[in-house]
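# Structural overview for review
Listed here are the chains, written in short residue letters.
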Amino acid sequence: MGNVKQSFVAQSIDGGVVFAGPTGVLALPTSAAPSALTNAWKALDLGTLAEDGLSIMYKRSSKDVKDFDGADYVSPQDDFSDGFKATFLDVDNLNLVKSVYGTDNVTVTAANGSHGEQMTIFHAPDQLPFQQAVVAVKSGAKRKLYVAEICRVTEIAEIKDVYNDATKYEVTWKVFRGSDGKFLKEYRDNGVLAVPANYTVTINGSPAGGTFTLSVGGQTTSGIAYNAAPSAVDSALEALSTVGTGNATVTGSAGGPYAVTLANGGVLTASGAGLTGGTNPSVTVS
């Protein structure tokens, strides 16, 4: 059965969709979290897209190899390419103009008392330079980022200046292998934030020695001393990849009880099998 919550209806993020500039200058985003698109990247905005203005051009194909009897025997892949195409409306956007014609082919002269700001563009045959780019879209709280470490403008459609439509630039970027051998990287964030989980960990039976363990998401801490300070419990939890640095808060007294907050949620369990002394020592989580 379908689930409309799993659909994606793309919109721009604050008006921008494609951000591109010289390769190797900015750190590349590694997630689709709202903070991933930094102000430095936003400064490379290429402007407003037309309503049908974005296509991701992920393509692979294969050819059929027949056996002696004419049946399909194997289908090896014979082509792979990656890239994106966008149609822009802000044709005077300087970032866009430099992407379309090449930075060295665009000069800007500031306005003065006799003329406005002037732009001179040379239509040159030289191959355009490599760029790095981010394509960012949202669907409600969801976000999606496509990141290209190395790409190049390879095609520009016919440019029409007419009285009954806005001038547009339809631009195609081909994406090449990055330093890790990958092409476009696609990051998604569903926008649903984790709800912190709060627990109380209690050491029972007055143990005189030994250790206990805590577990979150299938990972278990190393042994924690029976009389550990809250900071030691915190460190043990944050050492788990299912918790992570800065994502646990532990307060209380040495030896407990401990008030534990897991910022990203998760189920906390405990084992007191390593506790010694006292009367039937154990650990409970409530």
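Refer to the structure above for everything that follows.
It should be emphasised that the depicted structure is a prediction, and the values quoted were computed from it without experimental measurement.

Our focus in this paragraph is the overall build of the chain. Helix and strand content of the chain: three helices and 21 strands. Relative to its length of 286 residues, the chain is extended, with a C-alpha radius of gyration of 29 Å against a globular reference of 19 Å. Each principal axis of the C-alpha distribution contributes one length, and for the chain these read about 90 × 80 × 40 Å. Among the 286 residues that make up the chain, the fraction classed as buried is 34%. Within the chain, contacts between residues separated by at least 24 positions form 62% of all contacts whose residues are at least 6 apart in sequence. Here the chain displays about 16400 Å² of accessible surface, and carbon together with sulfur accounts for 50% of that area.

With that out of the way, let us pick up unusual backbone geometry. In the segment running from Gly 256 into Pro 257, the intervening peptide bond is cis, with an omega of 0°. Looking at where Pro 257 falls in the secondary structure, it is placed in the loop between strand S17 (248-252) and strand S18 (258-262). The phi torsion at Ser 206 lies on the positive side, around 50°, for a residue other than glycine. By the secondary structure assignment, Ser 206 is in the loop between strand S13 (197-204) and strand S14 (209-216).

As enumerated under the stated definition, the model contains seven aromatic pairs in all. Consider the rings of Tyr 58 and Phe 80, whose centres lie 5.7 Å apart with planes at 80°: the pair is edge-to-face. Of this pair, Tyr 58 sits in the loop between strand S2 (49-56) and strand S3 (59-62) while Phe 80 sits in strand S6 (residues 77-88); the two residues are 22 residues apart in sequence, bridging distant segments of the chain. Judged by its relative accessible area of 27%, Phe 80 is partly exposed. Pairing Phe 130 with Phe 176 gives two aromatic rings, centres 5.8 Å apart and planes at 85°, and the pair type is edge-to-face. You can see Phe 130 sitting in the loop between strand S8 (118-121) and strand S9 (131-139) and its partner Phe 176 sitting in the loop between strand S11 (169-175) and strand S12 (185-189), a full 46 residues away along the chain. Look at Phe 130 and you get partly exposed, because its relative accessible area is 38%. By relative accessible area, which is 27% here, Phe 176 ends up partly exposed. These aromatic residues form a ring-pair network of at least three members: Tyr 58, Phe 80 and Phe 183.

Further remarks concern helix H2 (residues 94-101). Among all positions in H2, only Leu 96, Val 97, Ser 99, Val 100 and Tyr 101 are buried. Between the side-chain oxygen of the N-cap and the backbone nitrogen of Asn 95 there are 2.9 Å, and the N-cap of H2 in question is Asn 93. In the segment just after H2, Gly 102 is the residue with positive phi, at about 95°.

Analysis parameters
- Residues numbered from 1 in each chain as written.
- Predicted model: local features only at pLDDT ≥ 70, side-chain atom pairs only at ≥ 80, totals over all residues.
- Heavy atoms only, no water.
- Helix = DSSP H or I, 4+ residues; strand = E, 2+ residues; numbered from the N terminus.
- Rg over C-alpha atoms; globule rule 2.2 N^0.38 Å.
- Buried < 20%, exposed > 50% of the residue type's maximum accessible area, 1.4 Å probe, protein only.
- Contact = heavy atoms within 4.5 Å.
- Areas by Shrake-Rupley, 256 points an atom, 1.4 Å probe, with all protein chains shown as cover.
- Phe/Tyr/Trp six-rings, centres within 6.5 Å; stacked < 30°, edge-to-face > 60°.
- Polar contact = N/O pair within 3.5 Å; in protein donor to acceptor, adjacent residues only side chain to side chain.

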